[in-house]
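Structure at a glance
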Amino acid sequence: MSLPGSGLAKGLAVTLRTMTRRTVTAQYPDVQPELPPRSRGVIALFEENCTVCMLCARECPDWCIYIDSHKETTPPATPGGRERSHNVLDRFAIDFALCMYCGICIEVCPFDALFWSPEFEYAETDIRDLTHERDKLREWMWTVPEPPALDPAAEEPKELATAQKAAEKAAQKAAEGAQDAGPQAPDDRAEGDGA
Amino acid sequence: MDVLDTVWRLLALLVAFLVLPLLVGQLEHKVMAHMQGRLGPMYAGGFHGWAQLVADGVKFAQKEDVVPARADRRVFQLAPAVALLPYLLVLVAVPVAPHGGVVQALDAGLFFVLAVLGVGVLGSLMGGWASANKYSLLGGMRTAAQLMAYELPMLLAAASVAMAAGTLSLPGILAEWEWWWLPWQIVGGFVFFVAGLAELHRPPFDAPVADSEIIFGAYTEYTGLRFALFLLAEYAGIVVVSALTAVLFLGGWHGPFADGLGWVWTLLKTAVLSFVVIWLRVSYPRLRADQIQRFAWTVLVPLALAQIALTGVVKVVLS
């Protein structure tokens, strides 16, 4: 059993203690917020990587990505070869009035053409201006931060391993070309490390 | 006392009446914010929002003055003035400094002060009845019930001080005051201060103006300047109740260097009590109407009667 009224005193103490602490108010327009890594501000398009596969537009839950393209053919690289056709991007637009920032388009893009940018100050007075066209989406690309560093104990990214393997193979080939005979013990060991 | 002196005193009174409530209001903005981990107003006036209440006043002045069609027009329009002016009148009799540091020393000062304080609550009753609004009527009824319940312990507590001093004059009470009155009258001081809070409808006794259940009670239909006057009356009431508690129970201008700095001591004690009023508002939830009644009749009235008995016994023993 505690003293009668001790709860009342405790209540007063809590508010008094809070008054002496620093406030938590974010003074946003005066002071920019410190955003956490991987903040979802706006979607940027790295159009050089886009192959117009349309996966992003088809996976988008609210259909806010508009893509137009046409086919172009390139003449055969070697005489007698086959003509190659590829898609050329005409229009890529995201309507941020519809976008719900789920990030599925970025997840689904197989060619790393879409990225999250932490920029969030792009409010407009006209809703139509919220449809960002290709050049604007490309501009956002400059605001995309570097990918965060891996954890110290993380396994090596696949891209790195693939590139390393390719480099080793090339080196091995070069070595084989230089000296045809003899065991290749050091190369074997290097390959074992890579696997 | 010549004319110039009188004018000078009245001017000082008017300035104090216009400035002190605003200071308390600003203090409430800031203290309440920081007690909740916020910053409070930061923009108006540039430095930490010091002019927020001035901006609020300008806003209120711009708003349309609406009187509901079914309202009792005259009473409705008169109510804010009835709520605000008594506090101005009370300040007339409150001594700030020794040796005539009071606008008008009254022989029955305590009687005058308590009688006029009761009139202030009538403003809420008038507003509640004349608004022709159910919420306002509920608020007015709760105000009336609270007034009934808390006027009694307040008078009893004040009577205890008057008994101790043997006079009803406020400067007279302060002249009699000794430091050991502080522990002697502490219970009475508590009763007086809490009853004063209840009369002002300050949290936790704000059931009559509970904004989340009866939409500010008697003030539901008020807009613009008249609403602002009600709000100003609340803060003026805080100043008056704090000042009266300081004068009656905390020794008013008594303190080191009282001859020169007496008014500083009065203001300081009033400010500390005003801070406590705000502190209580932040810390405690609203009491229900029945809890408010029970607290008055089962706690405050017996405490006040016990204080009077104690005062009487000590007085007899000393004489």
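All values derive from a computational prediction rather than experimental measurement.

Looking now at the overall build of chain A. Helix and strand counts for chain A come out as 6 helices and 5 strands. Starting at the N terminus and ending at the C terminus, chain A contains elements arranged as α-β-α-β-β-α-β-β-α-α-α. At 28 Å, chain A has a C-alpha radius of gyration far larger than the 16 Å of a compact globule built from 195 residues. Over its C-alpha atoms, taken along the principal directions, chain A stretches across nearly 95 × 55 × 30 Å. When the 195 residues of chain A are sorted by exposure, 20% land in the buried category. Contacts spanning at least 24 positions in sequence make up 70% of the contacts within chain A whose residues lie at least 6 apart. For chain A, the accessible area works out to roughly 14500 Å², and carbon and sulfur atoms hold 56% of it. Charge-centre separation for chain A: the mean point of 20 positive side chains lies 6 Å from the mean point of 33 negative side chains.

On to the sheet that holds strand 5 (residues 131-132) of chain A, then. Residues and elements named next belong to chain A. An order of 2-3-5 is seen for the 3 strands of this open sheet, with the pairing classed as antiparallel. Strands at the two margins of the open sheet, each flanked by one partner only, are strand 2 (65-74) and strand 5. Note that strand 2 and strand 3 (residues 84-95) share 10 bridges and pair antiparallel. The residue bridging Ser69 from the neighbouring strand is Leu89, located in strand 3.

This part takes up the confidence of the model for chain A. In the predicted model, chain A carries a mean pLDDT of 85, and the fraction of residues at 70 or more is 91%. Between residues 188-195 of chain A, whose pLDDT stays under 50, and residues either more than four places distant or in other chains, the model counts 3 contacts.

This paragraph deals with the environment of Gln32 of chain A. Residues and elements named next belong to chain A. Within the secondary structure, Gln32 is located in the loop between helix 1 (6-20) and strand 1 (42-45). Contacts of Gln32, omitting those with residues within four sequence positions, involve Phe120 and Glu121. Within polar-contact distance, the side chain of Gln32 engages the side chain of Glu121 at 3.5 Å.

Turning our attention to the packing of aromatic side chains. All names here are of chain B. This structure, assessed with the given rule, holds 18 aromatic pairs over all chains. Ring centres of Phe216 and Phe227 lie 5.8 Å apart, and the angle between their planes is 50°; this geometry places the pair in the tilted category. Pair noted here: Phe216 is in the loop between helix 9 (211-214) and helix 10 (224-249) and Phe227 is in helix 10, with a separation of 11 residues, a long-range link. For Phe216, a relative accessible area of 23% puts it in the partly exposed group.

Let's shift gears to the pattern of salt bridges. All names here are of chain A. What the rule picks out here adds up to 15 salt bridges over all chains. A salt bridge links Glu47 to Arg134; its shortest N-O distance comes to 3.2 Å. Of this pair, Glu47 sits in the loop between strand 1 and helix 2 (55-59) while Arg134 sits in helix 4 (residues 134-140), and the two are 87 residues apart along the sequence. Residue classification places Glu47 among the partly exposed residues on the basis of a relative accessible area of 23%. You can call Arg134 partly exposed: its relative accessible area is 25%.

It is worth spelling out the nonpolar core at this point. Generally speaking, soluble globular proteins have nonpolar side chains that are buried together. All names here are of chain B. Counting 87 residues, the largest nonpolar core has Tyr150, Leu170, Phe192, Leu244 and Leu248 as its most contacted members. Counting residues per element, this core draws most heavily on helix 10, which supplies 16 residues. Filtering out sequence-adjacent residues up to four positions away, Tyr150 remains in contact with Ala195, Ala198, Glu199, Phe205, Ile292, Phe295, Ala296 and Leu300.

Summed over all chains, the structure comprises 3 cavities of 30 Å³ or more. By volume, the largest cavity is sized at about 140 Å³. For the largest cavity, the lining is made up of 13 residues, of which Tyr87, Ser124, Leu200, His201 and Tyr219 of chain B are closest to its centre. Of the residues that constitute the lining of the largest cavity, the class distribution is 8 nonpolar, 3 polar and 2 charged. Approximately 90 Å³ is the volume attributed to the second largest cavity. The wall of the second largest cavity is formed by 15 residues, among which Cys50, Cys53, Cys56, Cys109 and Ala113 of chain A lie closest to the centre. Split by residue class, the lining of the second largest cavity holds 14 nonpolar, 1 polar and no charged.

How each quantity is defined
Residues numbered from 1 in each chain as written. Chains lettered and ligands numbered in written order. Predicted model: local features only at pLDDT ≥ 70, side-chain atom pairs only at ≥ 80, totals over all residues. Heavy atoms only, no water. Helix = DSSP H or I, 4+ residues; strand = E, 2+ residues; numbered from the N terminus. Rg over C-alpha atoms; globule rule 2.2 N^0.38 Å. Buried < 20%, exposed > 50% of the residue type's maximum accessible area, 1.4 Å probe, protein only. Contact = heavy atoms within 4.5 Å. Areas by Shrake-Rupley, 256 points an atom, 1.4 Å probe, with all protein chains shown as cover. Lys, Arg positive; Asp, Glu negative; His and termini not counted. Charge placed at Lys NZ, Arg CZ, Asp CG, Glu CD. Pairing = 2+ DSSP bridges. pLDDT = per-residue confidence, 0-100. Polar contact = N/O pair within 3.5 Å; in protein donor to acceptor, adjacent residues only side chain to side chain. Phe/Tyr/Trp six-rings, centres within 6.5 Å; stacked < 30°, edge-to-face > 60°. Salt bridge = Lys/Arg side-chain N within 4 Å of Asp/Glu carboxyl O. Core = buried A, V, L, I, M, F, W, Y, C linked by side-chain atoms within 4.5 Å. 1 Å grid on protein atoms, 1.4 Å probe; cavity = no way out; pocket = protein on both sides within 12 Å on 5 of 7 lines; lining within 4 Å. Points joined across faces, edges and corners; volume = space filled by probe spheres on them. Nonpolar A, V, L, I, M, F, W, Y, C, P; charged D, E, K, R; others polar.

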